[in-house]
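One letter stands for each residue in the lines below.
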Amino acid sequence: MSDPSEIEEENWLADERRKVLEYLDLQGCEHAGVSEWPVVHIFEDFALWEVQSPIHRGRIGWWVISGDVPTDYMSSKDGEHPRDALRYFSKQWRDVADHMKRGKEHPVYHFGSPAEWPELAPMLEFRADVLADCADDDEVWEEN
C-alpha cells in the first residue's frame, strides 16, 4: 500500500500536468505532448515539465513551470538543460519583481495590480531564489 504522502504528491503532480496542458492550450502552443512526470519538482512548490516539439519529434521544444509559482513557459532555444530553464524563469521573475518594487509595469509579464505589487514582489523574488538555488544545487541533479 502506498504512503498517503506519496499519493498526495502523485495527485498534485497529475493536477499540475493538467494545468500545464490547459495553459499551453490557452497560449496556443502547439506541441507533441507533455512529459508524464516532471524533470524536477519540489512538492507543492513547483514542477518543471518537458514539452515535446511537434516539428522535431523526440526533442524538447519548451519547458513549462507550474505549481505555487506563475505558470510560464520558455523555448528550449533559450536553454536546453532543465537548469537553464530554472535560471531563465528565476531571472525573468526577478526582473518583474524589480519593476514592481519601482512601481513600473513590466513590458511583457503582468502580475496583479499595482496595489498588490508591494506584497507580490517579495513573494516573486522568493520563488526566483528557490529556482536559482535548485538550479545551482548539484545534489538535485545527481539522479537526472
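Below is a summary of the structure that appears in this document. (Residues numbered from 1 in each chain as written. Predicted model: local features only at pLDDT ≥ 70, side-chain atom pairs only at ≥ 80, totals over all residues. Heavy atoms only, no water.)

## Some thoughts on unusual backbone geometry
A negative phi angle characterises most non-glycine residues, just as the trans form characterises most peptide bonds. With phi around 70°, Glu44 is a residue other than glycine that occupies positive phi space. Relative to the assigned elements, Glu44 resides in the loop between β1 (40-42) and β2 (46-52). Take Glu44: its relative accessible area is 41%, and that puts it in the partly exposed class. (Helix = DSSP H or I, 4+ residues; strand = E, 2+ residues; numbered from the N terminus. Buried < 20%, exposed > 50% of the residue type's maximum accessible area, 1.4 Å probe, protein only.)

## Focus: the side chain of Arg17
Among the structural elements, Arg17 can be located in helix α1 (residues 4-27). In this structure the side chain of Arg17 is engaged in a polar contact, spanning 2.7 Å, whose partner is the backbone oxygen of Val34. If sequence neighbours within four positions are ignored, Arg17 has contacts with Val34, Ser35, Glu36 and Trp49. (Polar contact = N/O pair within 3.5 Å; in protein donor to acceptor, adjacent residues only side chain to side chain. Contact = heavy atoms within 4.5 Å.)

## Regarding the packing of aromatic side chains
Using the criterion set out here, one finds 5 aromatic pairs in the structure. Judged by centre distance (5.6 Å) and plane angle (80°), the rings of Tyr88 and Phe89 are edge-to-face. Exposure remark for Phe89: the relative accessible area of 0% places this residue in the buried category. Aromatic rings pair up to connect Tyr88, Phe89 and Trp93 into one cluster. (Phe/Tyr/Trp six-rings, centres within 6.5 Å; stacked < 30°, edge-to-face > 60°.)

## Comments concerning the side chain of Arg83
In this fold, Arg83 is placed in helix α2 (residues 82-101). Classification of Arg83 as buried rests on a relative accessible area of 18%. Apart from residues lying up to four places away in sequence, Arg83 is in contact with Ala135, Asp136, Asp137, Asp138 and Trp141.

## A few points about the pairing of strand β3 (residues 60-67)
Here β3 lies mainly inside the structure; 7 of its 8 residues are buried. Pairing of β2 with β3, which is carried by 7 bridges, proceeds in the antiparallel orientation. Counted as the bridge partner of Ala47 is Ser66 from β3. The pairing of β3 with strand β4 (residues 72-75) spans 4 bridges and is antiparallel. If you follow Trp63 over to β4, its bridge partner there is Met74. In sequence, β3 turns back onto β4 through a hairpin of 4 residues. (Pairing = 2+ DSSP bridges.)

## Thoughts on the nonpolar core
Membership of the largest hydrophobic core comes to 25 residues, with the highest contact counts inside it found for Phe46, Leu48, Ile65, Leu86, Phe89 and Trp93. Of all elements in the fold, only β2, β3, α2 and α3 (117-136) reach the threshold of two or more residues within this core. Every residue in contact with Leu48, bar those within four places of it in the chain, is listed here: Pro38, Val39, Val40, Trp63, Val64, Ile65, Pro82, Ala85, Leu86 and Phe89. Formed by 12 residues, the second largest nonpolar core is a distinct cluster that contains Val20, Tyr23, Cys29 and Trp62. (Core = buried A, V, L, I, M, F, W, Y, C linked by side-chain atoms within 4.5 Å.)

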